[in-house]
Amino acid sequence: MNFEFSEEQQMLREQARGFLSEHCTTAVVRTVLDGELGWDQSLWQKVAEMGWTATTIPEAYGGLGLSYYELAVIAEELGRAVAPLPFSSSVYLASEAINRFGTEAQKSDWLPKLASGECVAAFAMAERSGRLSLAQLETQRTDERISGYKTTVPDAAVADMAVVLARTGSDVELCLLPLKQDGVTVQPVLTLDSSRGHSNLILKEAQAERLGDRTLEPKEWDRLLDGAAALFAWEQLGIAESALMQARDYALQRYAFGRAIGSYQAIKHKLAAMYVKNTLARSNAYYGIWALAEGSDELPLAAATARVAAIQASTFAAEENIQTHGGMGFTWEFDCHFYYRRAKLLSLVVGSESVWQDRLVDALSRRSAVAA
């Protein structure tokens with residue numbers, strides 16, 4: 001089995017890395033962190049012009065019709081650059097949900113705008129409890145009107161529309177909610193990483209239509225989350241790799257007692273441990289994206305494995321990078337906190353590590369039951 005990307009996909013990686021090294025520098029990230037917008041709009045327009053927002057959208061709707069493998073390559077490079085963009089909300093989740101569940105009219109209406117970057121979309125899941133359980137949903141849609149409360153929704157302040165998880169009677173459905181309307185209140189929420197703005201959504205009789213022509217099955221919802229988790233794993237892997245490289249470079253340049261600190265055993269062990277976790281995460285990320293791209297029944301297991309490994313690798317690398325830099329690593333002037341902020345933020349999106357550990361155990365249990 002081939003566990004590497006194709007030559008064309010490697011060329012895409014090189015192109016993406018070169019583009020982001022020029023247009024998404026640490027100065028750009030710092031400017032967004034210092035500001036109040038929660039994203040870089042000009043960078044978003046450039047990314048859309050590169051076609052990244054259209055990667056997996058079918059050609060019939062203005063997309064490129066590429067595979068999830070290409071999207072994984074882009075996700076890793078966006079993570080490596082800590083890009084201050086609503087890419088995951090708009091591409092991994094909203095566009096994917098519309099493409100998967102939408103009616104022909106909804107796809108024709110929304111997907112071309114999402115592909116071109118003209119429209120930015122958010123994805124509203126969690127409620128007051130912060131959990132994603134379908135059984136605990138309180139947001140209700142009745143007669144094309146939706147009311148409820150969604151907490152810490154990524155990119156809602158910059159989005160034009162949101163895909164909202166809601167309930168109609170005893171059924172669960174996804175809804176298309178234009179955010180620029182009466183009945184929608186967007187309340188900014190302060191998070192650790194302000195380069196990806198988050199908001200609470202207060203919905204009072206807001207207009208919203210059901211996504212698709214039927215209600216949402218639990219297995220369909222799980223598969224949507226599994227797909228997003230597989231893609232987030234690649235973005236987290238990019239963060240982990242950047243943190244490792246930054247720690248390595250500093251260890252080779254910083255001298256103490258006449259020697260580069262990288263020559264000391266304590267620092268060597270830190271870097272080695274980061275490398276091991278990153279390598280394991282990459283292996284599991286390959287498994288996750290393979291299962292997603294090939295439509296495998298192993299996706300629940302592969303996605304949970306990739307997600308848990310990526311959370312552990314990215315948070316560990318970000319923390320050890322700061323430790324390698326010593327006291328200066330904790331300061332605002334150094335860039336170490338970029339990776340720490342984003343790693344912590346992504347460790348909670350679409351469910352925390354404990355949530356995905358539970359999903360991993362469930363997937364392994366089902367596999368064992370089938371084998372028995």
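Rules and cut-offs
- Residues numbered from 1 in each chain as written.
- Predicted model: local features only at pLDDT ≥ 70, side-chain atom pairs only at ≥ 80, totals over all residues.
- Heavy atoms only, no water.
- Helix = DSSP H or I, 4+ residues; strand = E, 2+ residues; numbered from the N terminus.
- Buried < 20%, exposed > 50% of the residue type's maximum accessible area, 1.4 Å probe, protein only.
- Axes fitted to C-alpha atoms, helices over the stretch in contact; angles between N-to-C directions.
- Parallel < 35°, antiparallel > 145°, perpendicular 65-115°, else oblique.
- Left-handed = near helix turned anticlockwise from the far one by under 90°.
- Contact = heavy atoms within 4.5 Å.
- Polar contact = N/O pair within 3.5 Å; in protein donor to acceptor, adjacent residues only side chain to side chain.
- Phe/Tyr/Trp six-rings, centres within 6.5 Å; stacked < 30°, edge-to-face > 60°.
- Lys NZ or Arg CZ within 6 Å of the ring centre and 35° of its normal.
- Pairing = 2+ DSSP bridges.
- 1 Å grid on protein atoms, 1.4 Å probe; cavity = no way out; pocket = protein on both sides within 12 Å on 5 of 7 lines; lining within 4 Å.
- Points joined across faces, edges and corners; volume = space filled by probe spheres on them.
- Nonpolar A, V, L, I, M, F, W, Y, C, P; charged D, E, K, R; others polar.

What to know about the environment of lysine 219
Part 1 of the reasoning: The topology assignment puts lysine 219 in helix 7 (residues 218-253).
Part 2 of the reasoning: For lysine 219, a relative accessible area of 74% corresponds to the exposed category.
Part 3 of the reasoning: Expressed as a C-alpha distance, the spacing of lysine 219 and lysine 46, which sit 173 residues apart in the sequence, is 36 Å.

Looking at the packing of helix 7 against helix 10 (residues 336-346)
Part 1 of the reasoning: Where helix 7 meets helix 10, the closest approach of the two axes is 10 Å, and the angle between their N-to-C directions is 155°. Put simply, helix 7 runs roughly antiparallel to helix 10. Classified by chirality, the crossing of helix 10 by helix 7 is left-handed. Residues Phe232, Glu235, Gln236, Ile239, Ser242, Ala243 and Gln246 of helix 7 lie in contact with helix 10, whose contacting residues are Cys336, Tyr339, Arg342, Ala343 and Leu346.

Focus: the side chain of glutamine 9
Part 1 of the reasoning: Relative to the helices and strands, glutamine 9 resides in helix 1 (residues 7-23).
Part 2 of the reasoning: For glutamine 9, a relative accessible area of 9% puts it in the buried group.
Part 3 of the reasoning: Separated by 3.1 Å, the side chains of glutamine 9 and glutamate 70 make a polar contact.
Part 4 of the reasoning: The residues touching glutamine 9, leaving out its near neighbours within four places in the chain, are Ser67, Tyr69, Glu70 and Val73.

Some thoughts on the environment of serine 365
Part 1 of the reasoning: Mapped onto the elements of the fold, serine 365 is located in helix 11 (residues 353-371).
Part 2 of the reasoning: Considered as a pair, serine 365 and leucine 301 are 64 residues apart in the sequence and their alpha carbons are 9.9 Å apart.

Digging into the packing of aromatic side chains
Part 1 of the reasoning: All chains considered together, the criterion is met by ten aromatic pairs.
Part 2 of the reasoning: Between the aromatic rings of phenylalanine 87 and tyrosine 92, the centroid separation amounts to 5.9 Å while the plane-to-plane angle is 80°, which identifies the pairing as edge-to-face.
Part 3 of the reasoning: A residue is classified by how much of its surface remains accessible, and tyrosine 92, at 2% relative accessible area, is buried.
Part 4 of the reasoning: Here tyrosine 287 and tryptophan 290 contribute two aromatic rings whose centre-to-centre distance is 6.3 Å and whose plane-to-plane angle is 20°, an arrangement assigned as stacked. Within this pair, tyrosine 287 and its partner tryptophan 290 are both found in helix 8 (residues 265-293), separated by three residues, close to a single helical turn.
Part 5 of the reasoning: Classification of tyrosine 287 as partly exposed rests on a relative accessible area of 22%.
Part 6 of the reasoning: Feature note: the residues Phe5, Trp234 and Tyr286 constitute an aromatic cluster, connected by ring pairs.
Part 7 of the reasoning: Note that arginine 259 overlies the ring of tyrosine 264, its terminal NZ or CZ placed 4.2 Å from the centroid.

Overview of the packing of helix 9 (residues 299-325) against helix 10
Part 1 of the reasoning: Across the interface, helix 9 lies against helix 10 with an axial gap of 9 Å and an inter-helix angle of 155°. Our classification of the angle between helix 9 and helix 10 gives roughly antiparallel. The element helix 9 and its partner helix 10 pack so that their crossing is left-handed. Residues Arg307, Ser314, Thr315, Ala318, Glu319, Asn321, Ile322 and His325 of helix 9 pack against Cys336, Tyr339, Tyr340, Ala343, Lys344 and Leu346 of helix 10.

Topic: unusual backbone geometry
Part 1 of the reasoning: Even without glycine at this site, aspartate 143 takes up a positive phi of about 55°.
Part 2 of the reasoning: With respect to the helices and strands, aspartate 143 occurs in the loop between strand 2 (140-142) and strand 3 (145-154).
Part 3 of the reasoning: Accessibility expressed as a relative area gives 73% for aspartate 143, which makes it exposed.
Part 4 of the reasoning: The phi dihedral of threonine 152 is positive, around 40°, even though this residue is not glycine.
Part 5 of the reasoning: Classification of threonine 152 as partly exposed rests on a relative accessible area of 34%.

Overview of the pairing of strand 4 (residues 161-168)
Successive side chains on a regular strand alternate, one facing one side of the sheet and the next facing the other.
Part 1 of the reasoning: Of all eight residues making up strand 4, seven are buried, and the element is well covered by its neighbours.
Part 2 of the reasoning: Both strand 1 (residues 121-124) and strand 4 contribute to a ladder of four bridges, which runs parallel. Paired with phenylalanine 123 across the two strands is valine 163, which belongs to strand 4.
Part 3 of the reasoning: With eight bridges connecting them, strand 4 and strand 5 (residues 171-178) associate as antiparallel partners. Among the inter-strand pairings, arginine 167 is bridged to a residue of strand 5, identified as valine 172.

Concerning the layout of surface pockets
Part 1 of the reasoning: Quantified by volume, the second largest pocket comes out at close to 350 Å³.
Part 2 of the reasoning: Contributing to the lining of the second largest pocket are Lys219, Asp222, Arg223, Asp226, Asp297, Pro300, Arg359, Asp362 and Arg366.
Part 3 of the reasoning: Within the residue set of the lining of the second largest pocket, elements represented by two or more residues are helix 7 and helix 11.
Part 4 of the reasoning: Sort the elements by how many residues they give to the lining of the second largest pocket and helix 7 lands first, with four residues.
Part 5 of the reasoning: Counted by class, the lining of the second largest pocket contains one nonpolar, no polar and eight charged residues.

Such coordinate-based values are descriptive only and should not be taken to indicate function.
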